[in-house]
Amino acid sequence: MWRGVALVLAWMVTVAAAAQGVDFDSLMRQHGLVDIATIDSTIVVDLRYATERNFVGVNMYGSLRRAYFRPEIARALAAVQRELKRAYPDMSLIIYDAARPQSAQRRMWEVVKDTSMRCYVAKPHRGGHHNFGVAVDVGLLCRGVEVDMGSGFDSFGEASHIEDEAGLVRRKLISRKAMNNRRLLRRLMRAQGFTTYRREWWHFQQYDINYARRHFKLLNF
């Protein structure tokens, strides 16, 4: 057992060290992506994979702190923020993840591939929506505090699913307030062309994945 623990710890140190040595900001811009702050600086960014507050427990993004997207995705998010603040001035979007390097996708897959969590992570060989800059993991803040969404970001379990939220409320897995907050977020995001992922309330994307693979650059770094 201790040998297995030691190997995991050694792997985590290697992952963190590798990420620190890469200038992801420059690579994102070279691939035609834009920093959301240049489109709307009021959107809060807290990239959880640039911290240890994620399911892997490792900073996989090194010094990257900016959220990058394809330009049209960034503009759509800015439109969501404007509509949100028009209706609820004290609220804001908070971005947990944005464009994701392929190297980070591979590391995530290594963690989950032999577990029940593998359904939550796209296989890395062809890339998922995040790896083309057309997906966002996002939540809501009110006066700078995260609102109740029923589960935290990166919480892999039934409480994060969106297919039967009324049932989750009846079973007391999430609150009615959380359900309403999710519905607000989805309504605003869908109005700007985003679609959902049934297992993660926080995940939104644009474009069919096959279209993205044909037309956009894979973030293969």
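Whatever comes next refers back to the structure up there.
Computed from a predicted model, the values in this text were never measured in an experiment.

Caption draft 1: Spotlight on unusual backbone geometry. Phi is positive for R143, which is not a glycine, with a value near 55 degrees. Checked against the element boundaries, R143 lands in the loop between β5 (135-142) and β6 (145-146). Judged by relative accessible area, which is 69%, R143 ranks as exposed. With a phi close to 70 degrees, D154 is a non-glycine residue in the positive phi region. Relative to the helices and strands, D154 is located in the loop between β6 and α5 (165-170). On the accessibility criterion, D154 (10% relative accessible area) is buried.

Caption draft 2: Structural context of the packing of aromatic side chains. Using the criterion set out here, one finds 11 aromatic pairs in the structure. Their ring planes at 65 degrees and their centres at 5.9 Å tell us that Y49 and F153 sit as a pair that is edge-to-face. With Y49 in the loop between β2 (44-45) and β3 (68-69) and F153 in the loop between β6 and α5, this pair connects stretches of sequence that are 104 residues apart. The residues Y49 and F153 share a single accessibility class, namely buried. Note on Y211 and F216: the rings are 5.9 Å apart at their centroids and 75 degrees apart in plane angle, and the pair reads as edge-to-face. Residue class for Y211 comes out partly exposed when judged on its relative accessible area of 33%. Residue class for F216 comes out buried when judged on its relative accessible area of 12%. Taken together, the aromatic side chains of Y49, F55, Y61, Y96, F153, F156, W201 and W202 make up a single cluster linked through ring pairs.

Caption draft 3: Structural detail: the side chain of D46. Residue placement: D46 occurs in the loop between β2 and β3. Residues within four places of D46 in sequence aside, it is in contact with R53, I94, I95 and Y96.

Criteria and cut-off values
Residues numbered from 1 in each chain as written. Predicted model: local features only at pLDDT ≥ 70, side-chain atom pairs only at ≥ 80, totals over all residues. Heavy atoms only, no water. Helix = DSSP H or I, 4+ residues; strand = E, 2+ residues; numbered from the N terminus. Buried < 20%, exposed > 50% of the residue type's maximum accessible area, 1.4 Å probe, protein only. Phe/Tyr/Trp six-rings, centres within 6.5 Å; stacked < 30°, edge-to-face > 60°. Contact = heavy atoms within 4.5 Å.

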